[in-house]
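Take a look at the letters that make up each chain.
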Amino acid sequence: MPNFEGKVAVVTGGGRGIGQSIAKAFVENGAKVAVVSRSLSSCGAVADQLNASHPGAAKAYAVDIADHEAVQELSKQIIADFGAVNILVNNAGVTRDGLLMRMKEEDWNTVLDTNLKGAFNTVKAFMRSLMKAEDPRIINIASVIGLIGNAGQANYSASKAGLIGFTKAVARELSGRAVTCNAVAPGFITTDMTGELSEKLREEVMAKIPLGSFGETADIANAVLFIASKEARYITGQVIAVDGGMTM
Ligand code: NAI
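What counts and what doesn't
- Residues numbered from 1 in each chain as written.
- Predicted model: local features only at pLDDT ≥ 70, side-chain atom pairs only at ≥ 80, totals over all residues.
- Heavy atoms only, no water.
- Helix = DSSP H or I, 4+ residues; strand = E, 2+ residues; numbered from the N terminus.
- Rg over C-alpha atoms; globule rule 2.2 N^0.38 Å.
- Buried < 20%, exposed > 50% of the residue type's maximum accessible area, 1.4 Å probe, protein only.
- Contact = heavy atoms within 4.5 Å.
- Areas by Shrake-Rupley, 256 points an atom, 1.4 Å probe, with all protein chains shown as cover.
- Lys, Arg positive; Asp, Glu negative; His and termini not counted.
- Charge placed at Lys NZ, Arg CZ, Asp CG, Glu CD.
- Pairing = 2+ DSSP bridges.
- Axes fitted to C-alpha atoms, helices over the stretch in contact; angles between N-to-C directions.
- Salt bridge = Lys/Arg side-chain N within 4 Å of Asp/Glu carboxyl O.
- Core = buried A, V, L, I, M, F, W, Y, C linked by side-chain atoms within 4.5 Å.
- Parallel < 35°, antiparallel > 145°, perpendicular 65-115°, else oblique.
- Left-handed = near helix turned anticlockwise from the far one by under 90°.
- Nonpolar A, V, L, I, M, F, W, Y, C, P; charged D, E, K, R; others polar.

Asker: Explain the overall build of the chain to me, please; I cannot follow it from the model alone.
Answerer: When you go through the chain residue by residue, the secondary structure sums to 9 helices and 7 strands. Its C-alpha radius of gyration of 17 Å places the chain within 12% of the 18 Å reference for a compact globule of 248 residues. In terms of its C-alpha atoms, the chain occupies a principal-axis envelope of roughly 45 × 40 × 35 Å. The proportion of buried residues among the 248 residues of the chain is 50%. Within the chain, residue pairs in contact and separated by at least 24 positions form 74% of the contacts whose partners lie at least 6 positions apart. Total accessible area computed for the chain in this model is approximately 11700 Å², and 52% of it derives from carbon and sulfur atoms. A distance of 6 Å separates the average location of the 24 positive side-chain charges in the chain from that of its 25 negative side-chain charges.

As structure tokens, this is what we get:
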């Protein structure tokens, strides 16, 4: 695994699931991590756990990632606490599934505001710090659903496809400052989010995964760590699917 000694990573949605796994992987490989989520109880518990094995490595911050002003304020606090930020992982995300006929405007707005605008908010907040930092990286956690679509997830598909477009634009815009920006597109990963799937849907999905199982959160964390590493300096604007071969 790459070494992140002396590096600072911000991981949004770090309170559980994939984000928690990413935060843990960074700390285990030498980084300090700002664990951000909506509620202090979840990101606080993750930070406590990480500090128990790696004292002083993590700090918890609660914010609604969709709130532009609040994210700008939070970034000042994180930069004051840690100094420059080297790595930003936009992982916070939500689903509000439903067929279009029944989808409420509120469900559309919540998903777009969290999954897409949330990344705009954090990139705006941290870009100056990233541009000055060593080996600066932005990694957006998209989804295979942003690549192939899914009935009942028009809002989620649009948000993740938008995030992929945003990734490429940011990659081009910040390339002159050596900031790389990539997306990781997970397939179906065992977390609370996929725990909500019905048994029938789970079986249908499984039939489409060549490697024959759901992924683990660590599979996503491993890909994120590589893209965040010094060694990945020549990779930018890419979408790396970690999906058991589902979208090949
Ligand atoms: P999860 O539901 O277990 O965790 C989501 C995290 O995001 C939580 O810590 C939550 O507090 C945080 N969050 C949600 N809304 C927020 C807001 N408004 N402000 C701040 N934090 C907020 O989700 P999971 O499964 O770990 O997914 C993480 C990311 O990976 C999401 O972006 C999701 O769309 C994506 N993903 C997950 C897949 C899966 O199979 N679990 C598949 C493809 C993508």
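After that view of the structure, there is still more to cover.
Asker: Would you explain the sheet that holds strand β6 (residues 180–186) in this entry?
Answerer: Paired through their backbone hydrogen bonds, the strands of a sheet run either parallel or antiparallel. The 7 strands lie next to each other as β3-β2-β1-β4-β5-β6-β7, forming an open sheet whose pairing is parallel. Each edge of the open sheet is held by one strand with a lone partner, namely β3 (58–62) and β7 (239–242). Averaged over all pairs of adjacent strands, the angle between their axes in this sheet comes to 20°, without regard to strand direction. Across 4 bridges, β6 lies against β7 in parallel orientation. By the bridge assignment, Ala185 is partnered in β7 with Ala241. The strands touched by helix α4 (residues 105–132) within the sheet are β1 (8–12), β4 (87–90) and β5 (137–141), with β4 carrying the most contacts at an inclination of about 175°.

Asker: How should I be thinking about the pattern of salt bridges in this particular structure?
Answerer: One side chain can pair with another of opposite charge once the charged atoms of both are near each other. All told, the structure shown has 8 salt bridges when counted by the stated rule. Residue Asp192 is joined to Arg16 by a salt bridge in which the shortest nitrogen-to-oxygen separation is 3.4 Å. You can see Asp192 sitting in helix α7 (residues 192–195) and its partner Arg16 sitting in the loop between β1 and α1 (17–28), a full 176 residues away along the chain. Relative accessible area serves as the criterion here: at 46%, Asp192 is assigned to the partly exposed category. Among the salt bridges present, the one from Lys24 reaches Glu28, with a minimum N-O distance of 3.3 Å. Highlighted residues: Lys24 and Glu28, both in helix α1, separated by 4 residues, approximately one helical turn. Glu28 sits in the partly exposed class, given a relative accessible area of 46%.

Asker: In this structure, what is going on with the nonpolar core? I would like to understand it.
Answerer: Most often, soluble globular proteins have nonpolar side chains that are buried together. Core analysis: the largest hydrophobic core is formed by 32 residues, its most contacted members being Ile22, Phe26, Val89 and Val224. For this core, the secondary structure elements donating two or more residues are β1, α1, β2 (32–37), α2 (40–53), β4, β5 and α9 (217–228). A per-element tally of this core places α9 first, with 7 residues. Setting aside chain neighbours within four positions, we find Phe26 in contact with Phe4, Ala9, Val11, Ala31, Val33, Ile87, Val89, Val224, Leu225 and Ala228. By size, the runner-up hydrophobic cluster in this structure holds 30 residues, among which are Val71, Ile138, Ala142 and Ala171.

Asker: What exactly am I supposed to notice about the environment of Ser129 here?
Answerer: One can find Ser129 in helix α4. For the pair Ser129 and Asn140, spaced 11 residues apart in sequence, the C-alpha separation works out to 17 Å. Each residue touching Ser129, except ones within four places of it in the same chain, is listed here: Ile79, Ala84 and Val85.

Asker: Help me understand the packing of α1 against α9 in this model?
Answerer: At a closest axis distance of 8 Å, the pairing of α1 and α9 adopts a crossing angle of 50°. When the interaxial angle is binned, α1 and α9 end up oblique. α9 is crossed by α1, and the crossing has right-handed handedness. Contact with α1, carried on its side by Gly17, Ile18, Ser21, Ile22, Ala25 and Phe26, involves Thr217, Ala218, Ile220, Ala221, Val224, Leu225 and Ala228 of α9 and no other residues of that element. Taken together, the residues that form the contact of α1 with α9 break down as 10 nonpolar, 3 polar and no charged.

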